[in-house]
Protein chains: 2
Amino acid sequence: MADIRDIYEHIEAHLDESMALLADLVRQPSVSAQDMGFDKAPGLVKDALDSVGLNAEIVPVPNDGHPSVFGSTSGEGEHTLLFYTHYDVQPAEPLELWDSEPFEPSRRDGRIYGRGTSDDKGNIVARLAAIRAFNEVRGGLPCNLKFFVEGEEEIGSRNLRGLIETRGEEFKADACIWEGGGRNASDDPFIYLGLKGVLTIGMSVKKLHGDAHSSYAPILPSASWRLLQALNSIKDPSDDRCLIPGFYDDIRPATDAENTALATLPDEAIEWKEVFGVESFVGGVGGEDLRRKLLFEPSANINGFESGYNGPGMKTVLPAEAKAKMDFRLVPDMRPEDIFQKLRAHLDRQGFEDIELEYTAGVNPARTPIESPWTRLVAETAEEIYGRKPVIAPTMAGTGPMYEFGVLLGMPIATSGVDHPSHKIHAPNENITEEDFLYGAKHAALIMQRFGERGLDE
Amino acid sequence: MADIRDIYEHIEAHLDESMALLADLVRQPSVSAQDMGFDKAPGLVKDALDSVGLNAEIVPVPNDGHPSVFGSTSGEGEHTLLFYTHYDVQPAEPLELWDSEPFEPSRRDGRIYGRGTSDDKGNIVARLAAIRAFNEVRGGLPCNLKFFVEGEEEIGSRNLRGLIETRGEEFKADACIWEGGGRNASDDPFIYLGLKGVLTIGMSVKKLHGDAHSSYAPILPSASWRLLQALNSIKDPSDDRCLIPGFYDDIRPATDAENTALATLPDEAIEWKEVFGVESFVGGVGGEDLRRKLLFEPSANINGFESGYNGPGMKTVLPAEAKAKMDFRLVPDMRPEDIFQKLRAHLDRQGFEDIELEYTAGVNPARTPIESPWTRLVAETAEEIYGRKPVIAPTMAGTGPMYEFGVLLGMPIATSGVDHPSHKIHAPNENITEEDFLYGAKHAALIMQRFGERGLDE
């Protein structure tokens, strides 16, 4: 095995340049939910890929969605690796909870703060740092490389399926490193092999031409009451189970290997209690049951609801309209279209035909088998980089378009990256540390090196 | 009975001067919800009262609220009449729906447009026109007179109770004419004798330190679900009844006279269906039942609720907090403090101790008995002025500080004024017609004359 210390040294020596590139990317908003910044963001990402020789292209997606950026280059040997990432970010709101501007990177307490510093612009830049190091130190890459940067991951990759169906073969590789990975709260390297699916919906109801004076409340229908009664029909407060008939029908039981992996995952209950400020979890569960609930069970969650007057003071209004957003996290083999139809049928049966539903996004769940040689390569290299045995999770609780790459394009997928729970991704004060950035960049480099040497051989 | 045609003639002859005074008052904004215009408005009102010999005083209210203006003068005999009015107005918003500037009176189509032209500056000026007529034609008033002009009626009269407790005796009279009255949609004179009370509350719940990624939904408590489950415990969707134990306990049954009056009220179902865009009312009620529900029943209404992300697109967040505002309209003898305590106890019993409640405002309901001689005097005089039998409503569905004057100061209260549904009070393009102004001014004059002659004798 070739020595790779020269590559690590290059990554470390050029850390300030990497941080400057990350700052440039963060400064350019790219909030897919708010359609913000997509005039400039794709070009900036393309330039970054081109700067390390990735021959990048801005790839239009169907339905005038936010484009992807795709680059590729040849390296030594016959093995081709795909890095999947995304340049879109979550909305920065609530803005008042940020201690510095979300789109103006700010360094303090040994961290760099800003929306996307970790998820996922930090991972993009870390991998580019590894690629640049190989180019500048060795004059080329140790394997063929493809680099896919999506622009709609945070809104459910709504146009990715269409893109994969038309141009998927171009993005196909022998194996894939997913958008992020890194360390868990115990600072152990952490690899996940699957993601949940998701169905996101909008709900709305309108009962009056316009808001009425609330003195009419005894006789006029209320959109607010109506919406909350409909929502209430979806979940049983006593056991937190979803009440949509057939909701649980298509769940595939976990394999023995998945259950074994679940048992060996660290118990993060104490950290979660601290991070989220809770004394106990839903249903009072703990230990392996807590992890099973989080990773192997679906959920019905409210993202937000709104109706009427919510400003300062009082306004005695009877709101004409009410709306809500929900997401349902799905586990194999649940399908978002199916759950949407079951929800519609459930509401109709309960008499809530007046509640309008909008299907806003759907993503299928997917898992790479724990026994895959790709899992082994990524785990071994993680142990070398972090000096600790990695923790391997059969799936994360989150969602991403793993199904499109893993199932439709047929690649094994594992993770590596700059992440750490303290980075607060999706939340106010998202941040990254230089330490995690360097771990992620070096692991990307070692994966490329080792994959170039042996591909998917055992 | 003395002839009063000389007074009517003076009112008609000086109509232009009355309209000029009304324009001056409307031109000066006095929006209590927005704290707008209270540097100059009280002085302008005082000057108007002084100009007809009312010896007015700007009366500070507790908590640095917007002051009231109070004037009084002696007239013939021993009977004292109180006119209650208010000079504050509703916000003009939405401004884009006005066809002329809300604070620049504009005459077109036989109407004068502007915020407050009817509610309540139109009523102030109409009564002043009657007082001026007596002074200038007869050299004095036919009864003793007190004139109270509140500055916070449109924001729930929040400091009136404190003022009444300290200086109420000064404002006390033998009978009271309320802020407005006039004609209904059928052009019949319309008198109401009561107002509902109201309890307004804020509800909030916080379950996490901060918003979480929604992938944690299977294990983390949800403020959104929690709030809507708590709200849902307050009302039975099947019959729209409030589920707070004891909520209906203190309702005083309607008297036979009130029920008889209810039966004779016009059926406005068709207009309401059109205005609000509904096909039917809550519980499918109509006719007398519809009016009974609107006027004699309390309500539990949601003014607004809010949680999580409600912007464009989706955000897969699990909100840390959720909040709502409610108002409960109360009928005699419900009390806002009592309902608030019963709600708290109900939520605690249901296990919702984590839901925080805030008492934001409370107004007691009040009704003057239909059998009161004051009702008879106001109704008889209305018939003389309008040439039609008046419609008498035992109560309105709305709320106002009638309890403070009617119960705490012990006065019978009825209404008279310049109002008509076409005046669009509280809405864009509020207006008044000269015809309604003259009706209101003449009715005020005839009430003063008749009350001076016979007081509350039958």
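Owing to the predicted nature of the structure, the values given are computational and were not obtained by experimental measurement.

Participant: Can you help me understand the overall build of chain A in this one?
Facilitator: A count of helical and extended segments in chain A gives 13 helices and 20 strands. Overall, the C-alpha framework of chain A stretches about 80 × 45 × 45 Å when taken along its three principal axes. For chain A, the residues scored as buried account for 55% of the 458 residues in total.

Participant: Would you mind going over the packing of helix α11 (residues 373-386) of chain A against helix α13 (residues 434-454) of chain A with me for this structure?
Facilitator: Packed helices, taken two at a time, are described by the angle between their axes plus the distance between the axes. All names here are of chain A. Following both chains from N to C, one finds α11 and α13 inclined at 135°, their axes separated by 9 Å at the closest point. The angle between the axes of α11 and α13 places the two elements in the oblique class. For the pair α11 and α13, the sense of crossing is right-handed. Of the residues in α13, those in contact with Leu-377, Val-378, Thr-381, Ala-382, Glu-384, Ile-385 and Tyr-386 of α11 are Tyr-439, Lys-442, His-443, Leu-446, Ile-447, Arg-450 and Phe-451. Residue classes in the contact of α11 with α13 are distributed as 9 nonpolar, 2 polar and 3 charged.

Participant: Which parts of the structure should I look at to understand the interface of chain B and chain A?
Facilitator: Quoted interface sizes are often the accessible area lost when the parts come together. Each partner contributes to the interface: chain B provides 61 residues, whereas chain A provides 68 residues. In terms of residue count, strand β13 (residues 299-308) of chain B provides more of the side of chain B that touches chain A than any other element does, 9 residues in total. Taken together, the residues that form the side of chain B that touches chain A break down as 29 nonpolar, 23 polar and 9 charged. Bridge analysis of strand β13 (residues 299-308) of chain A against β13 of chain B gives 5 bridges, and the strand direction is antiparallel. What sits directly across from Gly-308 of chain A, in β13 of chain B, is Gly-304 of chain B.

Participant: I tried to follow the relation of the copies chain B and chain A on my own but got confused; where do I start?
Facilitator: Think of it as a corkscrew move, a rotation about one axis and a shift along it, taking one chain copy to the other. Superposition record for chain B on chain A: RMSD 2.1 Å, screw rotation 178°, translation along axis 2.2 Å. Mapped onto chain A, 90% of the interface residues of chain B again fall at the interface, so both copies present the same surface.

Participant: What am I meant to see in the nonpolar core here?
Facilitator: Side chains of nonpolar character tend, in soluble globular proteins, to be buried together. Among the nonpolar cores identified, the biggest contains 249 residues, and Ala-130 of chain A together with Ala-130 of chain B are the most heavily contacted of them. Ignoring any residue separated from it by four or fewer positions in sequence, one finds Ala-130 of chain A in contact with Ile-11, Ala-441, Ala-444, Ala-445 and Met-448 of chain A. Residues Val-31, Ala-33, Val-89 and Ile-155 of chain A belong to the second largest nonpolar core, which totals 5 residues.

Participant: How do you make sense of the pairing of strand β11 (residues 197-206) of chain A when you look at a structure like this?
Facilitator: Looking along a regular strand, one sees side chains alternate from face to face of the sheet. Residues and elements named next belong to chain A. Of all the 10 residues making up β11, 7 are buried; the element is thus mostly covered by neighbouring parts of the structure. In terms of strand pairing, β11 meets strand β15 (residues 321-330) through 10 bridges, oriented antiparallel. Counterpart to Val-205 in the pairing with β15 is Ala-322. Pairing geometry for β11 and strand β16 (residues 356-363), over 7 bridges, is antiparallel. Note that in β16 the partner of Val-198 across the bridge is Val-363.

Participant: Whenever I open this one, the environment of Leu-265 of chain A confuses me. Can you help?
Facilitator: All names here are of chain A. With respect to the helices and strands, the residue Leu-265 is situated in the loop between α7 (256-264) and α8 (269-276). Its 18 C-beta neighbours within 10 Å are what place Leu-265 among the partly exposed residues. Remark: the alpha-carbon pair of Leu-265 and Ala-393, spanning 128 residues in sequence, is separated by 6.9 Å. Discounting residues that sit within four places of it in the chain, Leu-265 has contacts with Arg-291, Val-391 and Ala-393.

Participant: Teacher, can you tell me more about the packing of helix α4 (residues 121-138) of chain B against helix α13 (residues 434-454) of chain B here?
Facilitator: Residues and elements named next belong to chain B. It is at 8 Å that the axes of α4 and α13 come closest, and there the two elements cross at 50°. Relative to α13, the element α4 lies oblique. You can see that α4 and α13 cross each other, and the crossing is right-handed. Contacts between α4 and α13 involve Gly-122, Asn-123, Ala-126, Arg-127, Ala-129, Ala-130, Ala-133 and Phe-134 on the former and, on the latter, Phe-437, Gly-440, Ala-441, Ala-444, Ala-445 and Met-448. Residue composition of the contact of α4 with α13, by class: 10 nonpolar, 3 polar and 1 charged.

Participant: Please clarify how the sheet that holds strand β6 (residues 144-150) of chain B should be interpreted in this entry.
Facilitator: Note: strands within a sheet are paired through backbone hydrogen bonds, in either parallel or antiparallel orientation. Residue and element names in this part refer to chain B. The strand order β1-β2-β6-β3-β7-β19 describes an open sheet built from 6 strands, whose pairing is mixed. Whereas interior strands pair on both sides, the edge strands pair on one side only; in this sheet they are β1 (57-59) and β19 (413-414). The sheet contacts of helix α3 (residues 41-50) involve β1, β2 (68-73) and β6, and relative to β2 the element is tilted by about 10°.

Participant: Help me understand the environment of Ala-322 of chain A in this model?
Facilitator: Take Ala-322 of chain A: it is sitting in strand β15. Put simply, Ala-322 of chain A and Asp-35 of chain A are 287 residues apart on the chain and 23 Å apart in space, counted from C-alpha to C-alpha.

Participant: When you look at the environment of Asn-184 of chain A in this model, what are you seeing that I'm missing?
Facilitator: Topologically, Asn-184 of chain A is positioned in the loop between β8 (182-183) and β9 (189-192). Distance from Asn-184 of chain A to Pro-421 of chain A, taken between C-alpha atoms, is 6.3 Å for residues 237 residues apart in sequence.

Participant: Looking at this structure, I do not really get the sheet that holds strand β3 (residues 80-86) of chain A. What am I missing?
Facilitator: Residues and elements named next belong to chain A. Taking strand neighbours across the sheet as the criterion, the 6 strands line up as β1-β2-β6-β3-β7-β19 in an open arrangement whose pairing is mixed. Lying at the two open borders of the sheet, with one neighbouring strand each, are β1 (57-59) and β19 (413-414). Bridging between strand β7 (residues 175-177) and β19 involves 2 bridges; their strand directions are parallel. Bridging from a neighbouring strand, Ile-177 pairs with Ala-414 of β19. Across the sheet, helix α5 (residues 160-171) touches β2 (68-73), β3 and β6 (144-150), and the angle it forms with β6 is around 165°.

Participant: I keep staring at helix α9 (residues 287-296) of chain A and nothing clicks. Help me out?
Facilitator: Note on helix geometry: an α-helix contains 3.6 residues per turn, so any two residues three or four positions apart are oriented the same way. Among all positions of α9 of chain A, only Leu-290, Arg-291, Leu-294, Leu-295 and Phe-296 of chain A are buried. Looking at the buried residues of α9 of chain A, the elements they touch are α7, α8 and β18 (391-393) of chain A.

Participant: I'm lost on the confidence of the model for chain A in this one. Help?
Facilitator: For residues with low pLDDT, the predicted coordinates do not support detailed interpretation. Per-residue confidence for chain A gives a mean pLDDT of 95, with 99% of residues at or over 70. Scored by ipTM, the complex comes to 0.90, with pTM at 0.85.

Participant: It is not clear to me how the domain arrangement of chain A should be interpreted in this structure. Could you clarify?
Facilitator: Residues and elements named next belong to chain A. When cut into domains, chain A gives domain 1 (5-195 + 365-454) and domain 2 (197-251 + 298-363). Taking only C-alpha atoms, the centre of domain 1 and the centre of domain 2 are 35 Å apart. The partner domain 2 presents 11 residues to the 10 residues of domain 1 that form the contact.

About the cut-offs
- Residues numbered from 1 in each chain as written.
- Chains lettered and ligands numbered in written order.
- Predicted model: local features only at pLDDT ≥ 70, side-chain atom pairs only at ≥ 80, totals over all residues.
- Helix = DSSP H or I, 4+ residues; strand = E, 2+ residues; numbered from the N terminus.
- Buried ≥ 20, exposed ≤ 12 C-beta atoms within 10 Å, placed from the backbone.
- Axes fitted to C-alpha atoms, helices over the stretch in contact; angles between N-to-C directions.
- Parallel < 35°, antiparallel > 145°, perpendicular 65-115°, else oblique.
- Left-handed = near helix turned anticlockwise from the far one by under 90°.
- Contact = placed C-beta atoms within 7 Å.
- Nonpolar A, V, L, I, M, F, W, Y, C, P; charged D, E, K, R; others polar.
- Pairing = 2+ DSSP bridges.
- Least-squares fit on C-alpha atoms with pLDDT ≥ 70 in both.
- Core = buried A, V, L, I, M, F, W, Y, C linked by C-beta atoms within 7 Å.
- pLDDT = per-residue confidence, 0-100.
- Domains from an automatic or database assignment.

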